[in-house]
Amino acid sequence: SPSLLPVSSAPEIREAIEQLAESAFTKSELESYDKYWDSISSEKTLISEAEETGRREGKRLGSRRAKRSESRRAKKLDLRRGN
């Protein structure tokens, strides 16, 4: 089982261990393994897209709030000046 193999911090070693473990998979296990990683990749893509959408929306809302705040400050200054 891949989870019982020693963990190494060297990427090359991790890759070799993973390839060794995969070579022991049956065709069915390998298909399941590939499906699993496809789903992980899809999930990461969806999360990344959602985060980017959130950042854009946050910037848009922040910009709107800043404009409103600036407008209120300008009105207060005008009132103080008697305009």
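By convention here, each chain's residues receive numbers from 1 onward along its written sequence. Predicted model: local features are reported for residues with pLDDT of at least 70 only, side-chain atom pairs are reported and counted for 80 or more only, and whole-chain, interface and lining totals are derived from all residues. Hydrogens and waters are ignored; side-chain quantities use all the structure's heavy atoms.

### Quick notes on the overall build of the protein
Counting from the N terminus, the helices are the DSSP runs of H or I reaching at least four residues and the strands are the DSSP runs of E reaching at least two. Across its full length, the protein carries 2 helices and 0 strands. Exposure was quantified through the Shrake-Rupley algorithm and a 1.4 Å probe, taking into account, for residues, occlusion by the shown protein chains and nothing else. Element-wise, carbon and sulfur atoms account for 55% of the exposed surface of the protein, whose accessible area totals about 7,500 Å².

### Examining helix α2 (residues 27-81)
To estimate the expected span of a helix, count its residues, drop one, and scale the result by 1.5 Å. For α2, built from 55 residues, the straight-helix expectation of 81 Å at 1.5 Å per residue is met to within 8% by its first-to-last C-alpha distance of 81 Å. Two residues or fewer past α2, Gly82 is found with a positive phi of approximately 90°.

### Quick word on the packing of aromatic side chains
Here is the rule: rings of Phe, Tyr and Trp (six-membered ring for Trp) pair when centre to centre is within 6.5 Å. Planes less than 30 degrees apart are stacked, more than 60 are edge-to-face, and the remainder are tilted. Considering all chains together, one arrives at 3 aromatic pairs under this definition. Judged by centre distance (5.1 Å) and plane angle (65°), the rings of Phe25 and Tyr33 are edge-to-face. To sort residues, take the accessible area from a 1.4 Å probe on protein chains only and compare it with the maximum for the residue type: under 20% means buried, over 50% means exposed, and anything in between is partly exposed. Classification of Phe25 as partly exposed rests on a relative accessible area of 22%. With a centroid separation of 6.3 Å and an interplanar angle of 75°, the aromatic rings of Tyr33 and Trp37 are classed as edge-to-face. With Tyr33 and Trp37 both in helix α2 and 4 residues apart, this pair spans about one turn of that helix.

### Looking at the pattern of salt bridges
Side-chain pairs of opposite charge can arise where the charged atoms are in close proximity. Each reported salt bridge corresponds to a side-chain nitrogen of Lys or Arg within 4 Å of a carboxyl oxygen of Asp or Glu. Evaluated as defined, the whole model comprises 4 salt bridges. For Glu52, the salt bridge identified is with Arg56, shortest N-O distance 3.7 Å. Residue Glu52 and its partner Arg56 are located together in helix α2, separated by 4 residues, close to a single helical turn. Glu52 sits in the partly exposed class, given a relative accessible area of 33%. Among the salt bridges present, the one from Arg60 reaches Glu57, with a minimum N-O distance of 2.5 Å. In this pair, Arg60 and Glu57 both sit in helix α2, 3 residues apart, roughly one turn of the helix. Here the salt bridges share partners, and the residues they tie into one network are Glu52, Arg55 and Arg56.

### A short note on a positive patch on the surface
A contiguous patch of positive charge on the surface is contributed by Arg64, Arg65, Arg68, Arg72, Lys75, Lys76 and Arg80. Tracing the backbone shows Arg64 in helix α2. In this structure Arg64 comes out as partly exposed when scored by relative accessible area, which is 41%. The patches described consist of residues with a relative accessible area above 30% and no salt bridge, like charges being joined within 9 Å and nonpolar side chains (Val, Leu, Ile, Met, Phe, Trp, Tyr) within 5 Å. His residues and chain termini do not enter the charge count, which takes Lys and Arg as positive and Asp and Glu as negative. To locate a charge, take atom NZ for lysine, CZ for arginine, CG for aspartate or CD for glutamate.

It is worth stressing that arrangement in space is one thing and function is another; only the former is reported here.
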